[in-house]
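Observations on the model geometry
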Amino acid sequence: MNAKAVKRFRLVEVDPLLVFGENDRFLRHIQDSFPDVQVVARGGDIYLAGKQADVDLVERLFLDLVAAIKQGKELQDSDIRYFTSMAIDDNGGEISRLYAPTKDYFHLKKLVEPKTLGQEEYVQALEKYEVVFAIGPAGTGKTYLAVAAAVSALRRREKGRIVLVRPAVEAGESLGFLPGDFQEKVDPYLRPLYDALHDLLGADRIRQSLDMGLVEVAPLAYMRGRTLNDAFVILDEAQNTTIGQMKMFLTRLGSNSRAVITGDVTQVDLPEPSHSGLVRIQPILQDVPEIKFVYLGHRDVMRHRLVQRIIRAFDNHASGSVNRVDPIVEESGTSE
């Protein structure tokens, strides 16, 4: 199993520059990630030397890179980091599912598509299930993909409106000391939702949609007593709801409505983190067939390269904390 091996991998029908990166930066990252494998590139040939098992992983990694490029993928540093982490965990080969040519995602102001297997599973859940919970750390695309799905459903006239909701929870600051009326006080809590809409629709379309009532952005408290029909409803930052608020939100759904609930159970701003509605709702609803829980992890983070490492460092440090739910921060994919 650990016998020494030497392999030659030939790049076929792809430009070596696309695989190696500018100034070989992709190649250097792969070499640094597999220090026990010698990687030498000569023209369109790649020579691998090391233990058989390690060489096989690196060969699989290059096969995945080539497959993605052939499907039209322009590799970025974040893609190389993701592909490499999957290869290290011996999950290579599966990521070819991300680049199937028949896929049709959200064609909005720009094409929105999943960049990881966890995001791919999330997108599939958004298209299939009436209620989807997306749980994971910052930077995994939870809110952005949900808003993209909502805008896409509105444009296809599958839903008549979009309702974006956030709890206005004080995270160390007091609302009473902020200037302005109540709406001006809560607007900062809703800003990430406006940002996602702006990126997908543009400022003019947002203003038009808000004026026409096609899009509503509101604090969670405004949902009490309402029935939301023909709507795509998103509850963001749901880790800062109580179980009572979570029940209130879920029971607002009316006919032809769909709900997405997103949050990160490692960043609860409630006085008692264990009382988070997002934490407590999981065992209550996990067996309801129309409801899907999707768990995203550090591998699904598509922000700065250090964000993945920061998240993993915090996870390791807080491994015994009360609001830690292992599948959420340790695994990419779903609870099933």
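Below or above, wherever it landed, is the structure these notes cover. Being a predicted model, the structure only gives us computed values, none of them experimental. (Residues numbered from 1 in each chain as written. Predicted model: local features only at pLDDT ≥ 70, side-chain atom pairs only at ≥ 80, totals over all residues. Heavy atoms only, no water.)

What the rule picks out here adds up to four aromatic pairs. An angle of 15° between the planes, with centres 4.5 Å apart, marks the rings of Phe-133 and Phe-293 as stacked. Highlighted residues: Phe-133 in strand β6 (residues 131–135) and Phe-293 in strand β11 (residues 291–295), separated in sequence by 160 residues. Exposure remark for Phe-133: the relative accessible area of 0% places this residue in the buried category. Members of the aromatic cluster, connected to one another through ring pairs, are Phe-133, Phe-293 and Tyr-295. Of note, Arg-42 hangs over the ring of Tyr-47, and the distance from its end group to the ring centre comes to 5.6 Å. (Phe/Tyr/Trp six-rings, centres within 6.5 Å; stacked < 30°, edge-to-face > 60°. Helix = DSSP H or I, 4+ residues; strand = E, 2+ residues; numbered from the N terminus. Buried < 20%, exposed > 50% of the residue type's maximum accessible area, 1.4 Å probe, protein only. Lys NZ or Arg CZ within 6 Å of the ring centre and 35° of its normal.)

Counting buried positions along strand β9 (residues 231–235) gives five out of five residues, so the element sits mostly inside the fold. Taking every second residue as pointing to the same face, both faces of β9 are buried, with Ala-231, Val-233 and Leu-235 on one and Phe-232 and Ile-234 on the other. Judged from the five bridges that link them, strand β7 (residues 161–166) and β9 form a sheet pairing that is parallel. Bridge pairing in β9 places Val-163 opposite Val-233. Looking at chain direction, β9 and strand β10 (residues 258–263) are connected through four bridges and run parallel. If you follow Val-233 over to β10, its bridge partner there is Ala-259. Each parallel crossover has a hand, and the one from β9 via helix α9 (residues 243–250) to β10 is right-handed. (Pairing = 2+ DSSP bridges. Right-handed = clockwise from strand over helix to strand, strands pointing away.)

Here we take up the sheet that holds strand β1 (residues 4–10). One open sheet accounts for three strands, arranged β1-β3-β2; its pairing is antiparallel. Looking at the sheet topology across the chains shown, the edges are occupied by β1 and β2 (38–42). For this sheet, the mean inter-axis angle between neighbouring strands, taken without regard to orientation, is 15°. As paired strands, β2 and strand β3 (residues 45–51) are joined by five bridges and run antiparallel to one another. Following the sheet pairing, Gln-38 is matched in β3 by Ala-49. Taken strand by strand, helix α3 (residues 52–70) contacts β1, β2 and β3, and its axis lies near 150° from that of β3. (Axes fitted to C-alpha atoms, helices over the stretch in contact; angles between N-to-C directions. Contact = heavy atoms within 4.5 Å.)

Here we take up the pattern of salt bridges. Close approach of charged atoms allows side chains of opposite charge to pair. In the structure shown here, the tally under the stated rule is 13 salt bridges. Between Glu-237 and Arg-166 there is a salt bridge, with the nearest N and O atoms lying 3.3 Å from each other. You can see Glu-237 sitting in the loop between β9 and α9 and its partner Arg-166 sitting in strand β7, a full 71 residues away along the chain. Take Glu-237: its relative accessible area is 26%, and that puts it in the partly exposed class. Residue classification places Arg-166 among the buried positions, given a relative accessible area of 11%. Among the salt bridges present, the one from Arg-207 reaches Asp-204, with a minimum N-O distance of 2.4 Å. Within this pair, Arg-207 and its partner Asp-204 are both found in helix α8 (residues 203–212), separated by three residues, close to a single helical turn. Taken together, the shared-partner salt bridges connect Lys-7, Asp-56 and Glu-59 into one network. (Salt bridge = Lys/Arg side-chain N within 4 Å of Asp/Glu carboxyl O.)

Position of Ser-152 relative to the elements: it lies in helix α6 (residues 142–155). Exposure remark for Ser-152: the relative accessible area of 6% places this residue in the buried category. Among the polar contacts listed, one links the side chain of Ser-152 to the side chain of Arg-156, at a separation of 2.4 Å. (Polar contact = N/O pair within 3.5 Å; in protein donor to acceptor, adjacent residues only side chain to side chain.)

Function-wise, these values are silent; they only describe arrangement.
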